[in-house]
Amino acid sequence: MKTYPSREIEAKWQKIWEENKLYKTPEFPKKKYYMLEMFAYPSGDIHIGHFRNYIIGDAVARQKMMQGYEVLHPFGWDAFGLPAEIAAIERNVHPREWTLSNINVSRSTLKRIGLSYDWDREVITCLPDYYRWTQWMFIQLYKNNLAYRAQSLVNWCPTCKTVLANEQVEQGRCWRCKSEVTKKELEQWFFRITAYADRLLSGLDKLDGWRPNVKIMQRNWIGKSQGVEIDFEIENSDKKISVFTTRPDTIYGVTFMAISPENQLLKELKIDSKHAKAVEEYIRKSIQKSDIERTALGEKDGVFTGVYAINPLSKEKIQLWVGDYVLATYGTGIVMGVPAHDQRDFEFAKKYKIPLKVVIQPEGANLLVDNMQGAYTEPGIMINSDIFNGTWSSDGIQKVNQYVVDRGLGRLKTNYKLRDWLISRQRYWGAPIPIIYCQKCGILPVLEKDLPVLLPEGEIDFIPKGRSPLADVPKFVNITCPKCKGVAKRDVDTMDTFVCSSWYFLRYGDAHNGKEPFSKEKAKFWLPVDKYIGGIEHACGHLLYFRFFTKFLFDIGWLKVDEPAIELFNHGMVLDSEGQVMSKSKGNVSSPVDLIDKYGVDVSRVAMYFSAPSEREVLWSEEGITGAKRFLNRVYALLERMKTNGVEFDCNSISDKEKEIYKHLHRTIKKVSEDIDRLQFNTAIASMMEFLNQFETLSGDAKIYGYCLTVLAQLLAPFTPHLSEEIWSGLGKNISIFKCKWPEYNKEAVKFEQITIPVQVNGKLRSTLVVPVDVGEEEVKIKAVQDEKVKPYLEGKRILKTIFVKNRLINLVVK
RNA sequence: GCGAAAGUGGCGGAACUGGCAGACGCGCUGGACUUAGGAUCCAGUCCUUUAUCGGGUGGGGGUUCGACUCCCCCCUUUCGCACCA
């Protein structure tokens, strides 16, 4: 058998699709479906992982088209950002040039794959007609007090020489260059995402179409925890310091307090000369440490300040220590140390010989301070706790809270791990922050009519120096104040790329709007996204940010929905055949271009779909291609073998064998339809292979031949669009297969007339019986008992019980 | 450490609500057709056995007439968070 002419077929159909604008989405169609895949970062040509992501979305989009939906299936480029800038510096070209040329290469690859994108809606975030509206978003956030500038301790990447958002620090390292992240005190712009913490959390409960793991990751990232803030007085001072705790039931066990070295309160405390030097030294050393040095491995350390605090409940005098195991940015930055009931405090106290005090006693046991190998953190009975003695600790939490609140010793508090989103970057390649600093008028947002604030082109030295390269462009920096017309300066930082990608999905519905980011009507029509497909690596970054933007735009009346996507699907990664992540440095990157050059698009697609279910990772090797190639060759050959004309046939005049095949076909329609719904493409294809195996036994002049081929072409169309179109036109159709209705299965035909059911004796398979479908227990039992293979197992035994499941099995329990 | 997912032939994987484990494909073995086969077609392919019997879904226990599937304990792998008080 010759290989089918994939190259010609692909070129032919891609041209026809383009000429007929098959994938152009109309403006306000009757029945909409928004199929979105995460847009691409143009750091080179697209790789095999993109290929997988996009062909998954493409299959869904195509099936939806065939089901009568007008599908919004757009594509775009996340084109600003550090990686492009770094690559451009390495190659000594302008980031813009580098980015746009990558986009051109990648776009033409995507077009060669023949994906069903409406290219008229393409979005490129680094172009002024897009980033103008990114800046507009900033200004709306600013006007609503959700963008603010603050001096704070921020994550600093010493290699990239820029600050990073919390979400961009992975295990203490920069998400891009993997350098250890340090802290720096800087004044920066933040988005107040924490104002939405509760809604971002509760909104997750409504997202039934999101896989649970992403929701769990977001929940953990938001990290809501309810507790109480308790005030401690300082001895010989009128100052008070507060701690946050979720275990107020252990309050009588506090034997020290620890404050983080960065805490500003340290400067206000009166530390005597005996301790001051050691404290200062300790603070200096801690702040220099990287996050990794401070958190991982090493044992906890600290230094005593000489200051004492008073426990507001027990009135005991306790030592105040500085310890860099205390996080500066969580709670109040001060913790109460309960070494008997908190493992961290336990380690710290052991090291510095701080006393332990047991206040929670496990039921029926007696903890002895001297014998404790670790903290006891489980619930128990409160002891040594004055009026609370005898209370079960989990009830004690409520009671102590009440006590504290009633006496004004503290207040209930909810804390989140989620921090505000730091969005300024000291780099060139991003959307400039649209803010003006006027000596007289202060901080002013750029007037909306003056947008975009253009990124200066031309001779710019964008090699990182630790300050934004824009600071060195006087033409950019120095302007007149829009209010007083006096001397003013622009903000010289650019925005985190994740700001650009937080709203791109809204632009697709109205990609060329020059007056607004998007029209409200169009957004109302297209949103929410029906299905969003992308990698799971964005779980706590982009996928949180775009929810935040959606909620914000909902609040200010631009959107009618407050969650962006109904369904989220995270496809698995594509790894090399040894299970390694593909990367340029390892030289194990597979290119989809090589693949489609060698085998054709449809064969490559089938090989990828068939290799694993979509959510699972794929160890990619070309070995799997063979099966896909054979399969499609055999499908193509069906057309040449056909000797009948047309697809009509009379149900009453077909042979039994044809009837069998007809029924098999309808079971296949059912299976494929259901499998596409749950993105189980591997089993959808397997079922079509099974059908093909039977179909091939049919002679070319069989009455149902044409009909079977028609339906098979349709079922295959989401996966092999080019081949399906070719077969379709070969069958005499003169309209695209994607404009024709997706086949529906005949409910009668999918039923079996006869089925084979297993006969078990004591749960072990002994025989099988062929019986009419829906037959009753008695009839099956009679047959089963008489079965030659079953008989020996019944000899001399009594049937105690018969388990019969209709159309499933019969099990005889004997003794 | 905490959280999540997963562990099935030589390999990728199937078995959706407990009901014939290994669909479908790759690979392999044998055969056919061929000057040739890295093309195609046919047959076989979990282990053991000539066949039956028996065993078998990471390991151990349990529930059940019946467990890859449910429950408990353990092991391994991958991912996420990582001193969040």
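Everything here concerns the structure above.
Everything numeric here is computed off the predicted structure, so don't read it as measured data.

Cut-offs and rules
All residue numbers refer to positions counted from 1 along the written sequence of the respective chain. To read the labels, note that chains go from A and ligands from 1, taken in the order they are written. Reporting of local features is limited, given that this is a predicted model, to residues whose pLDDT is at least 70; pairs of side-chain atoms are given and counted only at 80 or more, and all residues count toward the totals for whole chains, interfaces and linings. Excluding hydrogens and water, the side-chain figures rest on all heavy atoms present in the structure. Throughout, near means a residue has at least one heavy atom within 4 Å of the molecule or strand. Definition of a polar contact: a pair of N or O atoms within 3.5 Å, with one able to donate and the other able to accept a hydrogen when the atoms are protein atoms, and with sequence-neighbouring residues admitted only if both atoms are side-chain atoms. Strands here are runs of E lasting at least two residues and helices are runs of H or I lasting at least four, both read from the DSSP assignment and numbered beginning at the N terminus. Three classes are used, and their members are as follows: Ala, Val, Leu, Ile, Met, Phe, Trp, Tyr, Cys and Pro are nonpolar, Asp, Glu, Lys and Arg are charged, and the others, Gly among them, are polar. Under the scheme applied here, a residue whose accessible area is under 20% of the maximum for its type counts as buried, over 50% as exposed, and between as partly exposed, the area being computed with a 1.4 Å probe on protein chains only. Stacked, tilted and edge-to-face are the three classes applied to pairs of Phe, Tyr and Trp rings, where Trp contributes its six-membered ring and a pair requires centres within 6.5 Å; stacked means planes under 30 degrees apart, edge-to-face means over 60, and tilted covers the rest. Both a distance and an angle decide whether a charge sits over a ring: NZ of Lys or CZ of Arg must be within 6 Å of the ring centre and within 35 degrees of the ring normal.

K.L.:
Would you mind showing me how to read the protein's contact with RNA strand B here?
P.N.:
Close to RNA strand B lie 55 residues, the nearest being R294, R344, S611, R630 and N811. A share of 66% is what sugar and phosphate atoms reach among the atoms of RNA strand B within 4 Å of the protein. Contact distances for RNA strand B include 3.2 Å between a base nitrogen and a backbone N or O atom of T756. Interatomic distance of 3.3 Å between a side-chain N/O atom of Q760 and a base nitrogen of RNA strand B. Ranked by the residues each element gives to the surface near RNA strand B, the list is headed by helix 22 (residues 681–695), at 6 residues. Of the residues in the surface near RNA strand B, the class split is 20 nonpolar, 19 polar and 16 charged.

K.L.:
What am I meant to see in unusual backbone geometry here?
P.N.:
The general pattern is negative phi for most residues beyond glycine and trans for most peptide bonds. In this structure, P452 follows L451 across a cis peptide bond, with omega equal to 0°. With respect to the helices, strands and loops of the structure, P452 is situated in the loop between strand 23 (442–445) and helix 13 (474–477). In the segment running from L527 into P528, the intervening peptide bond is cis, with an omega of 0°. Within the secondary structure layout, P528 lies in the loop between helix 16 (520–526) and strand 27 (529–534). Not every positive phi belongs to a glycine, and K178 is a case in point at roughly 65°. Note on placement: K178 falls in the loop between strand 8 (173–174) and strand 9 (182–191). Of note in the backbone geometry, N384 takes a positive phi value of approximately 50° without being a glycine. Inspection of the secondary structure puts N384 in the loop between strand 18 (381–382) and helix 12 (393–406). In this structure N384 comes out as partly exposed when scored by relative accessible area, which is 43%.

K.L.:
Looking at this structure, how should I read the packing of aromatic side chains?
P.N.:
Note on aromatic pairs: each is described by the distance of the centres and the angle between the planes. On inspection of all chains with the given rule, the structure shows 54 aromatic pairs. Their ring planes at 45° and their centres at 5.4 Å tell us that F80 and Y131 sit as a pair that is tilted. Taken as a pair, F80 in the loop between strand 3 (76–77) and helix 3 (82–91) and Y131 in helix 5 (residues 128–143) lie far apart in primary sequence, 51 residues in all. With a relative accessible area of 0%, F80 lands in the buried category. When the ring of Y428 is compared with that of F462, the centres are 5.4 Å apart and the planes differ by 20°; the resulting orientation is stacked. Linking Y428 in the loop between strand 21 (424–425) and strand 22 (435–438) with F462 in the loop between strand 23 and helix 13, this pair joins segments that are 34 residues apart in sequence. Of the two residues examined, Y428 and F462, each falls in the buried class. Among the aromatic residues, those joined into a cluster by ring pairs are F138, Y142, W175, W189, F191, Y196, W421, F498, Y545, F548 and F549. Against the face of W156 rests K184, its NZ or CZ located 3.9 Å from the ring centre.

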